Amino acid sequence: MTAYDVIVLAGGAAKRLGGADKPGLRVGGRALLDRVLSACADAAVTVVVGGRRATARPVVWTREVPEGGGPLAALGAGLRLTTAERVLVLSADLPFLGRGTVDALLTAAGEPGREGALCTDPDGRDQPLVAAYRAEPLRRELALIATEHGSLAGLPLRLLTAELDLARIDAGPDASFDCDTWDDIAAARARIREHGAVLDEWITSVKNELGIDLDVDTALLLDLARDAAHGVARPAAPLTTFLVGYAAARASAGAGPDEAAAAVAEAAHKATDLALRWEAEVEASGGETAGAGGSGSGTADGTTGGAGRDAGREGTGTP
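Keep in mind that what you see is a predicted model, and the values were worked out from it rather than measured. (Residues numbered from 1 in each chain as written. Predicted model: local features only at pLDDT ≥ 70, side-chain atom pairs only at ≥ 80, totals over all residues. Heavy atoms only, no water.)

**Looking at the overall build of the protein chain**
Reasoning step 1: Scanning the protein chain from N- to C-terminus turns up 12 helices and nine strands.
Reasoning step 2: Residues counted as buried form 42% of the 319 residues belonging to the protein chain.
Reasoning step 3: The contacts of the protein chain with a sequence gap of at least 6 include a subset with a gap of at least 24, amounting to 64%.
Reasoning step 4: With the model as given, the accessible surface of the protein chain reaches about 16600 Å², and the carbon-plus-sulfur share is 54%. (Helix = DSSP H or I, 4+ residues; strand = E, 2+ residues; numbered from the N terminus. Buried < 20%, exposed > 50% of the residue type's maximum accessible area, 1.4 Å probe, protein only. Contact = heavy atoms within 4.5 Å. Areas by Shrake-Rupley, 256 points an atom, 1.4 Å probe, with all protein chains shown as cover.)

So, in C-alpha cells, the structure goes:
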C-alpha cells in the first residue's frame, strides 16, 4: 500500500453529549479516538486536530484557528502537517471503523481521474469524515474556499466535497456509524457485546491494550483450553494458555509477527497433545479423576480406553 497520512478530527463541542469529552469516551474498554487510531496504524504521519490527551500510539497534535472553527478549519490545520500524496480524513467517533474500510478508501482514492473517495451510510448519505483524498486537489479546493469566504471557519464540509471528483464506497452500516448522542454510545457498547462479535472485539481490545500486533488462531487456543479443562481440571485452562503464550514469547524473541504466531501455534499443539495424553491415562485407569492419588491400573502404554477418542480427532491424536 502506498504511504498515506491521516488527519483525525477530534475537536468538536459534543453538544448533543452535554459537552462530554467525546474522543475519550470508552466503547469496549477503549477510547473512541484510540479505536479510530488502531484502524490506520500504518499511516506515515498521524495528525489529530483537537485537545491533547493520552493516546495508544504517538500522534502529531494541532488545533484549528480559531478553536471551535468547525471541520473545514480543522481539516485545513491538519493538512498543513501532512506530506503524503493521499490523506485519510476521519472523525474521532467511529467505534467500528476497520482496516478493510481504510484500504478500500485509499485504493479508490488512487484510481485514475479520482480526487478522493468517501463512504456512504446505509441511507446513501455522503460521509466526508470517513474518506481519503488526494492531497493536491484537497489543498487547492481548501485554498479556493478560504479565498472566497475569507477563512474556513464555520463553513460546512459540503462546500469542499461538491467540488471534488470523489468515488463513493458502500462500507456497510458499521464503518460510518458515529457516536453523536448518548443513545449512540449505548448502542455501540451493546453491539460489541453481541454474541457474534464479542470475542473478536475482546481479543482486539486486549492486543491493543498490551501493544501486541499478532494474529493467532483463536479456535486453536479455545480448543486447547477446552481439552485442558476437560482432561486435567477446569483451572488448567487459563494456566495452560498463559504458559503457551510465555513459551511462544521465549521461542520467538526478536522475531516478527509471523514467526511469533507460528510459535504460538506450535506451543498450543504441544500442550493440546499433552492434555489428550493426560486424559487418555485417566480413561485407561477406569475413570479415576486426575490427581486422586491412585497409581491407576491401565495398560503399560496408557492408551487403553483413550485411543478411540483420540483417533476421532483429526490431527490431534496422541503421538
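Back to the write-up after that little detour.
**So, a nonpolar patch on the surface**
Reasoning step 1: Together, Val-198, Leu-199, Trp-202 and Leu-222 line one region of the surface with nonpolar side chains, adding up to about 390 Å² of accessible area.
Reasoning step 2: At three residues, the largest contribution of residues to the nonpolar patch is made by helix α8 (residues 198-210).
Reasoning step 3: By the secondary structure assignment, Trp-202 is in helix α8. (Patch = residues over 30% accessible without salt bridge, like charges linked within 9 Å, V, L, I, M, F, W, Y side chains within 5 Å. Salt bridge = Lys/Arg side-chain N within 4 Å of Asp/Glu carboxyl O.)

**Describing the nonpolar core**
Reasoning step 1: Ranked by size, the top nonpolar core spans 29 residues in total, and within it Leu-88 and Leu-90 carry the most contacts.
Reasoning step 2: Elements with a minimum of two residues in this core: β1 (5-9), α1 (32-38), β6 (86-91), α3 (99-109), β7 (116-120), β8 (126-134) and β9 (166-170).
Reasoning step 3: The greatest single-element share of this core, amounting to five residues, is contributed by α3.
Reasoning step 4: Apart from the residues lying within four places of it in its own chain, the contact partners of Leu-88 are Tyr-4, Asp-5, Val-6, Ile-7, Cys-40, Val-102, Leu-105, Ala-131 and Ala-132. (Core = buried A, V, L, I, M, F, W, Y, C linked by side-chain atoms within 4.5 Å.)

**A closer look at the environment of Leu-75**
Reasoning step 1: Examined against the element boundaries, Leu-75 turns out to sit in helix α2 (residues 71-79).
Reasoning step 2: The buried category is assigned to Leu-75, whose relative accessible area is 1%.
Reasoning step 3: With near-sequence residues (within four places) excluded, Leu-75 lies in contact with Ile-7, Leu-9, Val-89, Leu-138, Leu-142 and Leu-160.

**A look at the pattern of salt bridges**
Reasoning step 1: This structure, assessed with the given rule, holds 17 salt bridges.
Reasoning step 2: With a closest N to O distance of 3.6 Å, Arg-63 and Glu-64 form a salt bridge.
Reasoning step 3: Salt-bridge contacts for Asp-121 lead to Arg-125; the nearest nitrogen and oxygen are separated by 2.8 Å.
Reasoning step 4: Under the relative-accessibility criterion, Asp-121 is labelled buried at 8%.
Reasoning step 5: Classification of Arg-125 as exposed rests on a relative accessible area of 51%.
Reasoning step 6: When salt bridges with common partners are traced through the structure, they connect Lys-22, Asp-93 and Asp-180 into a single cluster.

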